[in-house]
Amino acid sequence: QVQLVESGGGAVQPGGSLRLSCAASQSINSSPAMAWFRQPPGKPREGVALIANDGIKTYAAFVKGRFIISRVESKNTVDLELNNLKPEDTAIYYCARMRGRQLSGSWVTSWGQGTQVTVSS
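Residues numbered from 1 in each chain as written. Predicted model: local features only at pLDDT ≥ 70, side-chain atom pairs only at ≥ 80, totals over all residues. Heavy atoms only, no water.

Asker: How would you summarise the side chain of S31 if you had to cite specific residues and measurements?
Answerer: Locating S31 in the fold gives a position in the loop between β3 (18–24) and β4 (33–39). If near-sequence neighbours (up to four positions away) are discounted, S31 is found in contact with N53, R97 and M98. (Helix = DSSP H or I, 4+ residues; strand = E, 2+ residues; numbered from the N terminus. Contact = heavy atoms within 4.5 Å.)

Here it is in structure tokens:
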């Protein structure tokens, strides 16, 4: 059973930055892709970013260049750099192991427990 553990969440002011990290119990290359999702309070969970094993990255439209997904293969981690954060970015952010390259919840095989990101003044 693959385990995913997120870290790096916290409270930040608008315009601030955070770096989230997802530690996997197996090689991050053992699945077609890894991804980050988020769930704002009272709203459905949505995809944020995905990185496939060939290095191709997929971002949700709302990212608008503000976030960067990356991987550190030697540490079996997948990071999500959040920049120029806005209040609407407030959500629980989840790491996900994917069975394909589509940034869709239906392609998730494993979820982390999530890490809270709160953006407020």
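Asker: Quick rundown of unusual backbone geometry? Include the residues and the values.
Answerer: One non-glycine residue, K64, lies in positive phi territory at about 50°. In this fold, K64 is placed in the loop between β6 (57–59) and β7 (67–72). By relative accessible area, which is 71% here, K64 ends up exposed. At N84, a position not held by glycine, the phi torsion is positive, near 45°. According to the relative accessible area criterion, N84 is partly exposed, its value standing at 40%. (Buried < 20%, exposed > 50% of the residue type's maximum accessible area, 1.4 Å probe, protein only.)

Asker: Run through the packing of aromatic side chains, naming residues and quoting values.
Answerer: By the definition in use, this model includes 2 aromatic pairs. Relative to W111, the ring of F37 lies with its centre 5.0 Å away and its plane at 70°, an arrangement referred to as edge-to-face. Here F37 is found in strand β4, whereas its partner W111 is found in strand β10 (residues 108–111), with 74 residues between them in sequence. The exposure class of F37 is buried, given its relative accessible area of 2%. Their ring planes at 80° and their centres at 6.1 Å tell us that Y94 and W111 sit as a pair that is edge-to-face. In this pair, Y94 sits in strand β9 (residues 91–98) while W111 sits in strand β10, placing the two residues 17 residues apart along the sequence. By relative accessible area, which is 10% here, Y94 ends up buried. (Phe/Tyr/Trp six-rings, centres within 6.5 Å; stacked < 30°, edge-to-face > 60°.)

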